[in-house]
Amino acid sequence: MGNKNKTISFRVNEDSFEKLREIAEERDISLSAVFREYVETLVAHDGQVEVVPEARIDEVDDTDAFPPKVEVPKSFVREHERLELEADHLREQLEEHKQYVTYLHDRLDEQTEDEEDIVRLEDLDSEVGADEEDEPTFRLG
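If you're wondering where the values come from, they're calculated on a predicted model, not measured in any experiment.

### Looking at unusual backbone geometry
If you check the backbone angles, aspartate 28 has positive phi at about 60° while not being a glycine. Looking at the element boundaries, aspartate 28 is found in the loop between α1 (14-27) and α2 (31-44). When its relative accessible area of 70% is taken as the criterion, aspartate 28 is described as exposed.

### Considerations on a negative patch on the surface
Side chains of Glu22, Glu25, Glu26 and Glu54 sit close together on the surface and give a patch of like negative charge. Of the residues forming the negative patch, the biggest block, three residues, is contributed by α1. Relative to the helices and strands, glutamate 25 resides in helix α1.

### Here we look at the environment of leucine 31
With respect to the secondary-structure elements, leucine 31 resides in helix α2. What makes leucine 31 partly exposed here is its relative accessible area of 23%. In sequence terms leucine 31 and arginine 21 are 10 residues apart; their C-alpha atoms lie 6.2 Å from each other. Each residue touching leucine 31, except ones within four places of it in the same chain, is listed here: Phe17, Leu20, Arg21 and Ala24.

Analysis parameters
Residues numbered from 1 in each chain as written. Predicted model: local features only at pLDDT ≥ 70, side-chain atom pairs only at ≥ 80, totals over all residues. Heavy atoms only, no water. Helix = DSSP H or I, 4+ residues; strand = E, 2+ residues; numbered from the N terminus. Buried < 20%, exposed > 50% of the residue type's maximum accessible area, 1.4 Å probe, protein only. Patch = residues over 30% accessible without salt bridge, like charges linked within 9 Å, V, L, I, M, F, W, Y side chains within 5 Å. Areas by Shrake-Rupley, 256 points an atom, 1.4 Å probe, with all protein chains shown as cover. Salt bridge = Lys/Arg side-chain N within 4 Å of Asp/Glu carboxyl O. Lys, Arg positive; Asp, Glu negative; His and termini not counted. Charge placed at Lys NZ, Arg CZ, Asp CG, Glu CD. Contact = heavy atoms within 4.5 Å.

In structure tokens:
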């Protein structure tokens, strides 16, 4: 489903059409190939393509190169890699904790099925209160 070819159609004036045809003939490719190449370049650079006449290509120095290039210090790259490793480690720990919590929930569910093993504090409080009334209270003194 992913990579179907689509057809694009649009109108240009006659002079532009002739220039495009000349470009295609110079490169010995079809007019469609000229547009496909342009579209691929446009998509690859996220819509930021600068069209420069061939005569100006030699004039453009490296500081004006497009797309711009930035050098990143090695310390930044190392720190980024360290943080990625730490994030992976934390994800693994989180997964282990989730598994442990699931294990504890399952164990609790198993124990609630065996109600005899569970002593509820509310029940103890009510039993203690009843026993205190029946038992005599002794005072010294």
